[in-house]
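One letter stands for each residue in the lines below.
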Amino acid sequence: MEELCDCNLIHQEVVNLAKSKMLSDSLFKKLITFYKVIADSTRAKILFVLDQHEMCVCDIASTLNMTKSAVSHQLRLLKDNDLVISRRSGKEIFYRLSDEHVTKVFEISLEHVKEI
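Criteria and thresholds
- Residues numbered from 1 in each chain as written.
- Predicted model: local features only at pLDDT ≥ 70, side-chain atom pairs only at ≥ 80, totals over all residues.
- Heavy atoms only, no water.
- Helix = DSSP H or I, 4+ residues; strand = E, 2+ residues; numbered from the N terminus.
- Contact = heavy atoms within 4.5 Å.
- Pairing = 2+ DSSP bridges.
- Disulfide = S-S within 2.5 Å.
- Salt bridge = Lys/Arg side-chain N within 4 Å of Asp/Glu carboxyl O.
- Buried < 20%, exposed > 50% of the residue type's maximum accessible area, 1.4 Å probe, protein only.

**Q** Can you help me understand the side chain of Thr103 in this one?
**A** Position of Thr103 relative to the elements: it lies in helix α6 (residues 100-115). Residues contacting Thr103, with those up to four places away along its chain left out, are Asp51 and Leu97.

**Q** How do you make sense of the pairing of strand β2 (residues 84-89) when you look at a structure like this?
**A** Two faces belong to every sheet, and in a regular strand the side chains alternate between them. Pairing geometry for β2 and strand β3 (residues 92-97), over 6 bridges, is antiparallel. Bridged to Ile85 within β3 is Arg96. Linking β2 to β3, which pair antiparallel, is a turn of 2 residues; within it Gly90 sits at a positive phi near 65 degrees.

**Q** How do you make sense of the state of the cysteines when you look at a structure like this?
**A** Between two cysteines, a covalent bond joining their sulfur atoms is known as a disulfide. Under the criterion given, the structure shown has 0 disulfides. Left without a disulfide partner, Cys56 is nearest to the cysteine sulfur of Cys58, which lies 4.8 Å away.

**Q** Sorry, what's going on with the pattern of salt bridges here?
**A** If charged atoms from side chains of opposite charge come close, those side chains can pair. Under the criterion given, the structure shown has 3 salt bridges. Across the pair Glu54 and Arg87 runs a salt bridge whose closest N-O atoms are separated by 2.8 Å. Placement of Glu54 in the loop between α3 (41-52) and β1 (55-56) and of Arg87 in strand β2 is noted, with a sequence separation of 33 residues between them. By relative accessible area, Glu54 is classed as partly exposed at 21%. Taking the relative accessible area as the measure of exposure, Arg87 reaches 34% and is therefore partly exposed. Close ionic contact of Glu54 with Arg96 constitutes a salt bridge, the shortest N to O distance being 3.4 Å. Placement of Glu54 in the loop between α3 and β1 and of Arg96 in strand β3 is noted, with a sequence separation of 42 residues between them. You can call Arg96 partly exposed: its relative accessible area is 33%. Here the salt bridges share partners, and the residues they tie into one network are Glu54, Arg87 and Arg96.

Interpretation in functional terms is not warranted from these geometric data alone.
Here you go:
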């Protein structure tokens, strides 16, 4: 049974507080884009393996049983959206999660779904 509020009273203090803290539409758009990018099973798997250790495309492809081309395509999307960064070592390029924020969001999300 769906719970519905049956009151006609507006709690103006709470409404005003929420309105005063409301983010801009552009920030909400960035937030939604962030979740859209990680809302793909391949990209989520890539984030998972990069949460374990920095890896090159060949390592990621081998771990996920994918082609290097397919992994590179997904890494480009992740990199374009600032979720992963890369570093060159000779001829190899290694990827890792871009910062502690991405790591925390991914790990907290994973912890949440493991508990439900």
